[in-house]
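Architecture and fold: a report
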Amino acid sequence: MGKVQRRKRHHVCNKTQGKAKKTKRKTQDIDQIYDAIKAGTAGPKEIDVDLPGFGQHLCVQCNRHFMDEDALKTHFTSKGHKRRLKELKDEPYRGSDIPVDNGLRKTSIIPPGRQQTSNTTTV
């Protein structure tokens, strides 16, 4: 009788392996695509040999290149593309939309009895 075999755990302590998997398939954020569509800079560019289909078959909303027109048409019927269209209908949320004084920031409070003076002097 031999020993009980245990499961092999590959890359358990290698944190960079997990980060590489997460960033490998990173796409553009919704607000970046929204801005590109609004500015009119999104769309097929000149021929680029490094991109699939020489960069001529592009889904603007998902920012993905495809090999041919058939693959692009199939992508248009996919669930991921339809979700992206639904997200792009509304204007994306931006951090700059938050009011300046939202209660998280400490404001300077002038104690009672003191007056705030301006730095400018009149002549």
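Residues numbered from 1 in each chain as written. Predicted model: local features only at pLDDT ≥ 70, side-chain atom pairs only at ≥ 80, totals over all residues. Heavy atoms only, no water.

Description of the overall build of the protein chain
- Helices and strands together make up the secondary structure of the protein chain, namely four helices and two strands.
- For the protein chain, the N- to C-terminal ordering of α and β elements is α-α-β-β-α-α.
- Within the span of the protein chain, comprising 123 residues, buried residues form 13% of the whole.
- In the protein chain, of all internal contacts separated by at least 6 residues, the share reaching a separation of at least 24 is 33%.
- As presented, the protein chain carries roughly 11,700 Å² of accessible surface, and 53% of it is formed by carbon and sulfur atoms. (Helix = DSSP H or I, 4+ residues; strand = E, 2+ residues; numbered from the N terminus. Buried < 20%, exposed > 50% of the residue type's maximum accessible area, 1.4 Å probe, protein only. Contact = heavy atoms within 4.5 Å. Areas by Shrake-Rupley, 256 points an atom, 1.4 Å probe, with all protein chains shown as cover.)

Observations concerning the packing of helix H2 (residues 30-39) against helix H4 (residues 79-89)
- Contact geometry for H2 and H4: axes closest at 10 Å, N-to-C directions at 70°. By the angle class used here, H2 and H4 are roughly perpendicular. Across the interface between the two elements, Ile30, Ile33, Tyr34 and Ile37 of H2 pack against Arg84, Glu87 and Leu88 of H4.
- Counted by class, the contact of H2 with H4 contains five nonpolar, no polar and two charged residues. (Axes fitted to C-alpha atoms, helices over the stretch in contact; angles between N-to-C directions. Parallel < 35°, antiparallel > 145°, perpendicular 65-115°, else oblique. Nonpolar A, V, L, I, M, F, W, Y, C, P; charged D, E, K, R; others polar.)

Let's talk about H4
- All of the buried residues along H4 are His81, Arg84 and Leu88. The arc that holds every buried residue of H4, seen down its axis, measures 60°, which confines them to one face. Seen from the buried face of H4, the exposed residues on the opposite side, beyond 90 degrees, are Lys79, Arg83, Lys86 and Lys89.
- Elements in contact with the buried residues of H4: H2, strand E1 (57-59) and helix H3 (69-76). (Arc of directions from axis to C-beta.)

Some thoughts on unusual backbone geometry
- With a phi close to 55°, phenylalanine 54 is a non-glycine residue in the positive phi region.
- Along the chain, the position of phenylalanine 54 falls in the loop between H2 and E1.
- With a relative accessible area of 44%, phenylalanine 54 lands in the partly exposed category.
- Positioned with a positive phi, asparagine 63 is a non-glycine residue whose angle comes to about 55°.
- Here asparagine 63 is to be found in the loop between E1 and strand E2 (64-66).
- The partly exposed category is assigned to asparagine 63, whose relative accessible area is 35%.

In short, the description is geometric, and any link to function would need to be established separately.
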